Amino acid sequence: MRGLTDLTEAAPASPCCKPRPPCVGGTLARVVWNRRLPPRCPSAVLLRKSTPQARSVSTHRMYRREQPVPLRSCPAALCNNLSVLPLPAPGLTQFALVHGPSVQLLSATPDGLPVSQRQLQAKEGTGLSYPLITQAYWCVLPFRVLLVLTSQRGIQIYESDGSVMVYWHALDSGHAPPAQSLFARGIAASGHYICVGTCSGRVLVFDVPAKGPNIVLSEELDEHQVPVTDIAAEPAQGQDCVADVVTADDSGLLCVWKSGPEFKLLTRISGFETPCPSIQLWQGTIAAGYGDGQIRIFEASSGALHVQINAHGRAICALDLAPEAGKLLSGAEDSFVHIWKLSRNPDSGCIEVEHCYGECVTDTQVYGARFCDPQGSSFAVIGYDLAEILRYSCV
Amino acid sequence: MSMRTLPLLFLNLGGEMLYILDQRLRAQAVPAEKAHKVLSDIISTMFNKKFLEELFKPQDLYTKKALRTVYDRLAHASIMRLNQASMDKLFDLMTMAFKYQVVLCPRPKDLLLITFNHLDAIKDFVRDSPTIMNQVDETFRKIIEVYGRLPAGEFQLIRQTLLIFFRDIHIRVSIFLKDKVQNANGRFVLPISGPVPWGTDVPGLIRMFNNKGEEVKRVEFKHGGHFERAQSEGSFDLYGDRVLTLGKNMYSISRPVETHVSGPSKNSALNTTKESIASDLLAKEELNFLARLMGGMEVTKTSAPEPGFRLNLFTTDEEEEHAALTRPEELSYQVINIQAAQDQQRNEELTRIMGEFEIHDQPQQSTSKGDDLLAMMDEL
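Only a predicted model underlies this, so the values are computations on that prediction, with no experimental measurement involved.

### Quick look at the sheet that holds strand β21 (residues 294–299) of chain A
Spatial strand order, β19(A)-β20(A)-β21(A)-β22(A)-β4(B)-β5(B): six strands in an open sheet with antiparallel pairing. In this open sheet, the two edge strands, each paired with only one partner strand, are β19 (278–282) of chain A together with β5 (215–220) of chain B. Neighbour-to-neighbour, the strand axes of the sheet open up by a mean angle of 15 degrees, direction not taken into account. For β21(A) and strand β22 (residues 305–310) of chain A, the ladder comprises five bridges, and the chain directions are antiparallel. Directly across from A:Q294, in β22(A), lies its bridge partner A:N310.

### Some points on helix α1 (residues 5–27) of chain B
Residues and elements named next belong to chain B. With 23 residues, α1 extends 33 Å between its outermost C-alpha atoms, agreeing within 8% with the 33 Å of an ideal straight helix rising 1.5 Å per residue. Here α1 lies mainly inside the structure; 21 of its 23 residues are buried. A29 lies just past α1 and shows a positive phi near 55 degrees.

### Description of unusual backbone geometry
All names here are of chain B. Even without being a glycine, D168 presents a positive backbone phi close to 65 degrees. Relative to the assigned elements, D168 resides in the loop between α8 (152–165) and β2 (172–173). Overall, the relative accessible area of 23% leaves D168 in the partly exposed class.

### So, the packing of helix α6 (residues 111–125) of chain B against helix α7 (residues 130–147) of chain B
Residue and element names in this part refer to chain B. Two numbers describe how α6 lies on α7: the axes approach to 10 Å, and their chain directions differ by 170 degrees. Between α6 and α7, the crossing angle belongs to the class labelled roughly antiparallel. Only M133, V136, D137, F140, I143, I144 and Y147 of α7 make contact with α6, whose side of the interface consists of L112, T115, F116, L119, D120, I122 and K123.

### Some words on the packing of aromatic side chains
All names here are of chain A. For the coordinates displayed, the defined rule picks out 16 aromatic pairs over all chains. With 4.9 Å between their ring centres and 55 degrees between their planes, Y63 and Y357 make a pair best called tilted. In this pair, Y63 is assigned in strand β1 (residues 63–65) and Y357 in strand β26 (residues 351–360), connecting sequence segments 294 residues apart. Summarising the burial analysis for this pair, Y63 and Y357 share the class buried. Between F272 and Y290 the ring centres are 5.6 Å apart and the planes differ by 90 degrees, which places this aromatic pair in the edge-to-face class. Here F272 is found in the loop between β18 (264–269) and β19, whereas its partner Y290 is found in the loop between β20 (285–289) and β21, with 18 residues between them in sequence. Take Y290: its relative accessible area is 0%, and that puts it in the buried class. By way of ring pairs, the aromatic residues Y63, Y357, F379 and Y392 are connected into one cluster. Its guanidinium or amino end placed over the ring of F272, R296 lies 3.7 Å from that ring's centre, counting from NZ or CZ. Above the ring of Y290, the side-chain terminus of R296 is found at 4.7 Å from the ring centroid.

Thresholds applied
- Residues numbered from 1 in each chain as written.
- Chains lettered and ligands numbered in written order.
- Predicted model: local features only at pLDDT ≥ 70, side-chain atom pairs only at ≥ 80, totals over all residues.
- Heavy atoms only, no water.
- Pairing = 2+ DSSP bridges.
- Helix = DSSP H or I, 4+ residues; strand = E, 2+ residues; numbered from the N terminus.
- Axes fitted to C-alpha atoms, helices over the stretch in contact; angles between N-to-C directions.
- Expected span 1.5 Å × (residues − 1).
- Buried < 20%, exposed > 50% of the residue type's maximum accessible area, 1.4 Å probe, protein only.
- Parallel < 35°, antiparallel > 145°, perpendicular 65-115°, else oblique.
- Contact = heavy atoms within 4.5 Å.
- Phe/Tyr/Trp six-rings, centres within 6.5 Å; stacked < 30°, edge-to-face > 60°.
- Lys NZ or Arg CZ within 6 Å of the ring centre and 35° of its normal.

In C-alpha cells, the structure reads:
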C-alpha cells in the first residue's frame, strides 16, 4: 500500500468506508477510520496525482473505470434511466434500463461478465401498439423488493427479478387533454407505499402488502399541474424526519410530503423556469438537478435554499445518493459525472457541499447514473448511443 | 412520446434532403433551370396546405419505414428520379444529419432554431417564386403559433422522442468523419468546450446560503470542461439571426456526400429483427397514416410533361449498383408487408394515390430486397 510515489495530506477527503452518522462536520478535515473495510478499498486514504488517462479533476479519492457490461442495444434518452440493485450473491449487481418499448434487466459480476438477462415489454393497451416505457426502478420496501415500470399505458409492477407481474394499473386516458401525451413517470418507495407520477401531474400512491399481489391504489395527490419528472423518498434508515417524500415536475416545482395513510403536503418550492428532471432526499436535505445544469440543495422542512451549484454545462439527467456517506452523484448531457459531499455545519446547522470528483464520459450524454453500494465506493453510468454500462469504483 | 414531434421531424429531414439534392444537382451539372424546377416542385409539395394540416395534427411518430415512404414520394414529386440505392443513401444522410443536430442541440427549445435555419434556407431556394415563398411563410407562422409558447419540459419531451426515434442508427458519414464531428464507431463527438446554452451558467461555482438567504460562502471547483458564457440568444421570429449554426447547409460543391454504410454491431442484430417484426404488425396503422398524409400531397401535373432525368447520389453508376448489392440486410428500408385482407378500401385509396406517379425510367430491380410500396400495390 505504501509503495505509491505521491501521498499527500488527507485533508478534505472522506473515507470510502462507513463513516459515523451523521455527516462529518463543517471543516471536513477530520478523517474517520473504520476497521471494517470493503475488500477493494485501501487502508489509507490515498491521493494520487491524476494520471493522464483518468481525466478526473479533483484531489479527492479517485475512481477508476472497471470492465463495462455490454448491452444488446443503446439506451433511450430518458432521464433517470438506470436502476441498480445489489444482489445477495457477493459482487453481483443487477441493472435495469429502458431501451424504448422494452426494459433490459441484467446482472453482472464485477468483471463485467453478464450472468443473466431478461427483457420486459410495455404492456399493450388501446391505442398505438408500440408503447414506450419511460422508467424502470427497483422499490425497496420493508419486506420485499419490487420492480416498477412506467409506460405510455400505465404502471407494471413485478417481482424484483422481473419473473412475475404482480400488479397492473392502466392510466386513465380520459384525463389527458387531446394534444397531450399520456404516460407515467417518476417512481419512489416510502415505507410500504409506492409513489408513481403521471403526465397530468397527479401522483398515485399505492399501498403494498408484505407479500402477494393485493396492491391497492390508496391515494391520488393533485398538487402538480404539469408532468411529474421524478420522486424521491428518504432512504429507509429509521430516520425520524417529518418530510419523507418529495415530488418534482417539468416546471421545476417541488412538493414536499409526509407519507402515511393520508399524505400531507408540507412545503412547495417554486421552480426556476426550467424542468427538474431528477431529485434526491437525504436526512431532511433535498438535492434537485435542473435542466439548466444547476444543482440546488434545499432544507426539506422549510424549503429554504442552502446551496446553489453551477454543476454542469447542459441539462442534468440523473442524480443518485449514497446514504451512508452523504455522497451525491450527478450526470448530465454535457458528458460529465460529478460526485459531491453533503454535510451539515455543526454551528449553523446549514447544509454545505463540497466537490469530490469529476469525470468526463467521453462523447456520451449521460442519462443514467447510480451508486452501486450505499457507501458510494462504486457507481454505474449509461448514456445515449452507448451500448454498454460503464462502471467505476474507487481506488 | 410527445404528440407534437412529427412536424419538426418532417420539416428538418425535408430541409436536409433539399440541401443534399441541391448539392448533387450541381455536382451532376444539371442545367440550373431544371435543378431549380426540381427543388421548387419538391418544396411546393412539402408545404402544401392540406398536407401540412395532416402533419400538424397531434399524433405519435411512426416508424422509419413509414417516414421513408413519405420522402420517397416527396423526392419523386418532380421530374427527377432516384434509384433505390440513391434513395437509401439520401435517407441515410438526411437521418444522420438531423440526428447530429438533435444530439448537439444545446437546449431543447433550440430545436426551433434548427428548424428555422432549415426554413430560412428553403425560403432562399424559392425566393423567385412568391407563391411558394408564401406557403413556407405560412408554415413558419404556424410553427411559431404551435411551438412558440411551449414550456421547456414539453420541448425536452419532443427532443427525447426524437432521440428515441434515432436510437441505434450509427451510419458513418464521411463529411462528419472528416470534420471530426463523428467517431469511427459512428457516435458523435461531444465538445466539452464552447458556449453553454442560453440560460445556463458556466459550471464551476458552489454558493452556500444561511437560513436568512444570505450568501455565506463561495467555492470554486474544477469541472473539467472549458465552457464559456453564451453571447446571445437566437431569434425565434420570422426573420432574425438564429445564432445557432446547427441546421445550416454544410454541403458545397467541393464536399461530396458519401456515406459508409457500416453493418450494425453483433449485439444490435437481434434487436432489429424483433423490431421489424413489431413494425410489420403496425402495418395497418401506418397505412392509415400514409394515406392521410399523402392524400394531402398534391401532384403538380404539367401540361407538357418534361422528360425526367435520373439523379445519382453516388459518383458513378457502378458505385450506385455496387451499393445496392452490398447494403446490409439490417439497414434495408424494406417496406411494410401489407396484409391487405382487412383494409381493402384503404389500400385501394392508397393505390390510387400512389398510382398518380408514373415512374418513367425506374429500371426493374433484380434484387428482391426493398420492393417499394408502389410495386407491391401493383401486385394486389
